[in-house]
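# Architecture and fold: a report
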Amino acid sequence: MTTLSSGFARARRWLREHPLAFDATLAFCTLVAMICSSFTDPGDGHGPPAFGARTPELFSVLLMTLTAAALVLRRRRPMQVLAVTAALAAVEYVLMDPPAPVVMTTVIALYTVASRTDRPTTWRVGLLTMGGLTAAAMVFGSTPWYSQENFGVFAWTGLASAAGDAVRSRRAFVDAIRERAERAERTREEEARRRVAEERLRIARDLHDVVAHHIALVNVQAGVAAHVMDKRPDQAKEALAHVRDASRSALNELRVTVGLLRQQGDPEAPTEPAPGLAVLGELVATFRNAGLPVEVACADRDRLPAAVDLAAYRVIQEALTNVRKHAGAGAKAEVSVVRVGATVEVTVLDNGRGSAGRRPGSAPGGGPGPADGPPGDGDGLDSGGHGLVGMRERVTALGGALTAGPRYGGGFRVHAILPVEARTGEPERPGTAGGTGLRR
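A brief report on the enclosed structure follows. (Residues numbered from 1 in each chain as written. Predicted model: local features only at pLDDT ≥ 70, side-chain atom pairs only at ≥ 80, totals over all residues. Heavy atoms only, no water.)

## Brief notes about the overall build of the protein chain
Within the protein chain one finds 11 helices and seven strands. Taking contacts inside the protein chain between residues at least 6 apart in sequence as the whole, the part at least 24 apart equals 69%. (Helix = DSSP H or I, 4+ residues; strand = E, 2+ residues; numbered from the N terminus. Contact = heavy atoms within 4.5 Å.)

And the structure:
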């Protein structure tokens, strides 16, 4: 049974791949069926049909052969084939008595037209074919107009139209489902690519914030240590201790950030919380140790959403890093975090001499300017203005706004407005610090 079913499946697949061969086979089988039926006498309806009771005329055989041959082209020229078969069937009803079953080819041609055109065309062509052939059979036939043969013509042509329309509707339904599935697959792939790009950008921002801050401090302290190593070894040792602390903090934050990329169940998952305003005091202490005086004012200690808390921390971190790198010697910074209604305003001010044209990304017109950091401080990771761009992207992603520019009279100002209810829709990261209390 399995071999037989597989044989049928292979034959069906071959015929589907070779439609012309299938149509030729169908035409031949139809011709055989018409010739066999033309030898059968249906009788008067009170007994079974008698085979061999009559012999078809040569003209009828010619018409059956022509209509069967026309079926070979039924897929390529469906309307023309229907017109030829219907015309020859009508000729058979007009000239021959009893007529041969040439109408069988018309039924197949009408089914083909109905399955390959729209519904209005099917109704028009179907009704015209049904009415024309039924009228020819009733008017020119020797049997009464109400005989079953005449109504059989009407029934078979109507059935062909309905079956073809049903097949066309099913094909359209299947095609629509397939197209919808393909579109959904494309949309899913595009959404996945978009999410990957957004996640890559977020990770890049986090890595930049971590690396830019700590490496800048390491650079400054290493420069100080190298400068005073020979004359003041105690101060050099203190600077190297700050280098060690900054590098350890950088490694810890990198471990947390990279740990977020691990799959669930991987070993050494991050256990430390993401930084937030709760550890702002420790962040400020690192800058004070690097020689930058920082004053902090926090008028509100309510808990903030994790994403807002992290964004506020990163804005302050990046702004103070820029002050340390570009504001020049003797600069001071002020940090304020104020809750205003449904928003949190974060402001970082400095009085340094690195104003417009001396801050990355702060030159007039928004162009990058040359860095003017302290001795031993190179261009840093922010020399291309990526820090301000990253801050703006981070704040904008939460639905907030960020402004940065020179202050009147000298210095620089970074001001971020963050909504308390972030609109990112991103899930909070596990272990994220939720409080905003300052440890100073």
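## Focus on helix 10 (residues 306–326)
Compared with an ideal rise of 1.5 Å per residue, which puts 21 residues at 30 Å, helix 10 spans 30 Å between its outermost C-alpha atoms and is within 8% of the ideal. The element helix 10 is extensively covered by neighbouring structure, given that 20 of its 21 residues are classed as buried. Trailing helix 10 by a residue or two, G328 shows a phi angle of about 95°, which is positive. (Expected span 1.5 Å × (residues − 1). Buried < 20%, exposed > 50% of the residue type's maximum accessible area, 1.4 Å probe, protein only.)

## Structural notes on the pairing of strand 4 (residues 333–340)
Successive side chains on a regular strand alternate, one facing one side of the sheet and the next facing the other. Pairing of strand 3 (residues 294–298) with strand 4, which is carried by five bridges, proceeds in the parallel orientation. The residue bridging V294 from the neighbouring strand is A333, located in strand 4. Alignment of strand 4 against strand 5 (residues 343–350), held across eight bridges, turns out to be antiparallel. Across the sheet, the residue bridging to V335 is V348, located in strand 5. What sits between the antiparallel neighbours strand 4 and strand 5 is a turn of two residues, in which G341 has the positive phi angle 60°. (Pairing = 2+ DSSP bridges.)

## Thoughts on the pattern of salt bridges
In the structure shown here, the tally under the stated rule is 10 salt bridges. Residue R188 pairs with E185 through a salt bridge whose shortest N-O separation is 2.3 Å. Taken together, the positions of R188 and E185, both in helix 7 (residues 148–228) and three residues apart, correspond to about one turn of that helix. R194 serves as the salt-bridge partner of E191, at 2.4 Å between the closest nitrogen and oxygen. Taken together, the residues E191 and R194, both in helix 7 and three residues apart, mark about one turn of the helix. For R194, a relative accessible area of 37% puts it in the partly exposed group. Shared partners join several salt bridges into a network, and the residues in it are E191, R194, R195 and E198. (Salt bridge = Lys/Arg side-chain N within 4 Å of Asp/Glu carboxyl O.)

## Remarks on the pairing of strand 7 (residues 412–419)
Of all eight residues that make up strand 7, six are buried, and the element is covered over most of its length. Note that strand 5 and strand 7 share eight bridges and pair antiparallel. Each bridged residue has a counterpart across the sheet, and for V348 the counterpart in strand 7 is V414. Across six bridges, strand 6 (residues 401–406) lies against strand 7 in antiparallel orientation. Bridging from a neighbouring strand, G405 pairs with R413 of strand 7. Where strand 6 folds back onto strand 7 in an antiparallel hairpin, the turn is made up of five residues, including G409, whose phi is positive at roughly 95°.

## Overview of a nonpolar patch on the surface
A cluster of nonpolar side chains, namely F59, L62, L66, V91, V94, L95, V139 and F140, defines an oily patch on the protein surface of about 700 Å² accessible area. For the nonpolar patch, the secondary-structure elements that each account for two or more residues are helix 3 (58–70), helix 4 (78–95) and helix 6 (119–140). A relative accessible area of 39% places V94 in the partly exposed class. (Patch = residues over 30% accessible without salt bridge, like charges linked within 9 Å, V, L, I, M, F, W, Y side chains within 5 Å. Areas by Shrake-Rupley, 256 points an atom, 1.4 Å probe, with all protein chains shown as cover.)

## Topic: the packing of helix 3 against helix 4
At their nearest, the axes of helix 3 and helix 4 sit 9 Å apart, and the two run at 165° to each other. Our classification of the angle between helix 3 and helix 4 gives roughly antiparallel. Where helix 3 crosses over helix 4, the handedness of that crossing is left-handed. Contacts between helix 3 and helix 4 pair F59, S60, L63, L66, T67 and A70 from the former with V81, V84, T85, L88, V91, E92 and L95 from the latter. (Axes fitted to C-alpha atoms, helices over the stretch in contact; angles between N-to-C directions. Parallel < 35°, antiparallel > 145°, perpendicular 65-115°, else oblique. Left-handed = near helix turned anticlockwise from the far one by under 90°.)

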